[in-house]
Amino acid sequence: VTHTFGSGDGPLCLNGAEYRMATRNKGSSELMIFLNGGGYCSSAFCFVVSPNGERGIPALGVLDTALPGNPLASWNTVYLPYCDGGLHISDADSDSNGDGQIDRYQRGLRNLSAALDVEVANFPAPSRILLAGTSAGGFGASFALPLVRKLYPDVPINIINDSGVGLLAPKNPQYVRSLLNEWNAGAF
């Protein structure tokens, strides 16, 4: 099921499009929360694979319930697409071209929060949770962990952060700090 948000100060994608996330109920007591990746966007560089978001859950890797041998095929799934360019933790709108109009909506934290509200409403009592993400979604999964823990204080949670550390971090930790500041993620 696709869930759509978007207006005013709420969840939005990078270019102002509605934010969409999806749930799949397989009738399981186990829950996978998957944060997708796909580039990043800052004042210095902007490349986001899906700045308009996505619909539904793609049939890729562990998200593909028809994949032979997929150990997560029977799990309930919450899928958070990546469309904000701020690693699912951003909370800043900006005027990229200096014309006085907001043209970059980096609301990853609002998107994440809205998706977690839908998650709890649809899956209030899982027996265990796998919080996973790839690339920007791996980075976001690490930050999402305390929010998921707050929602499910007694449920075992495993996390898979696939490629979410970032290649630039070891060479230039100040760059990572500058991104977090630009995205207003330091407060998080």
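Quick summary incoming for the structure in this document. (Residues numbered from 1 in each chain as written. Predicted model: local features only at pLDDT ≥ 70, side-chain atom pairs only at ≥ 80, totals over all residues. Heavy atoms only, no water.)

Some thoughts on the overall build of the chain
Scanning the chain from terminus to terminus reveals three helices and ten strands. Listed by position from the N terminus, the elements making up the chain come as β-β-β-β-β-β-β-β-α-β-α-β-α. Rg of the C-alpha trace for the chain: 16 Å, near the compact-globule value of 16 Å for 188 residues, within the 12% margin. C-alpha extents for the chain along the principal axes are approximately 50 × 35 × 30 Å. The buried share of the chain, reckoned over its 188 residues, is 46%. Restricting to contacts in the chain with at least 6 residues of sequence separation, those with at least 24 account for 71%. Within the chain, the 16 negative side-chain charges are centred at a point lying 6 Å from the centre of the 12 positive side-chain charges. (Helix = DSSP H or I, 4+ residues; strand = E, 2+ residues; numbered from the N terminus. Rg over C-alpha atoms; globule rule 2.2 N^0.38 Å. Buried < 20%, exposed > 50% of the residue type's maximum accessible area, 1.4 Å probe, protein only. Contact = heavy atoms within 4.5 Å. Lys, Arg positive; Asp, Glu negative; His and termini not counted. Charge placed at Lys NZ, Arg CZ, Asp CG, Glu CD.)

Some points on the state of the cysteines
Working definition: the covalent bond between the sulfur atoms of two cysteines is a disulfide. According to the stated counting rule, one finds two disulfides in the structure shown. Paired through a disulfide, C41 and C46 show a sulfur-sulfur distance of 2.0 Å. Here C41 and C46 share a disulfide; its torsion about the S-S bond, -105°, makes the bridge left-handed. By relative accessible area, which is 0% here, C41 ends up buried. Look at C46 and you get partly exposed, because its relative accessible area is 46%. Each bonded cysteine in the chain gets a number by its place in the sequence, and the pairs come out as 1-4, 2-3. (Disulfide = S-S within 2.5 Å.)

Comments concerning the nonpolar core
Judged by nonpolar contacts, the single largest core of 23 residues is most densely connected at I33, L80, I129, L131 and V148. Counting only elements with at least two residues in this core, the list comes to strand 2 (19-24), strand 3 (30-35), strand 6 (76-80), helix 1 (108-122), strand 9 (128-134) and helix 2 (136-151). Look past the residues within four positions of L131 in its chain and what remains in contact with it is I33, L35, A141, A144, L145, V148, I157, N158, I159 and I160. Residues L14, L87, L179 and L180 belong to the second largest nonpolar core, which totals 13 residues. (Core = buried A, V, L, I, M, F, W, Y, C linked by side-chain atoms within 4.5 Å.)

These figures come from the coordinates and say nothing about function on their own.
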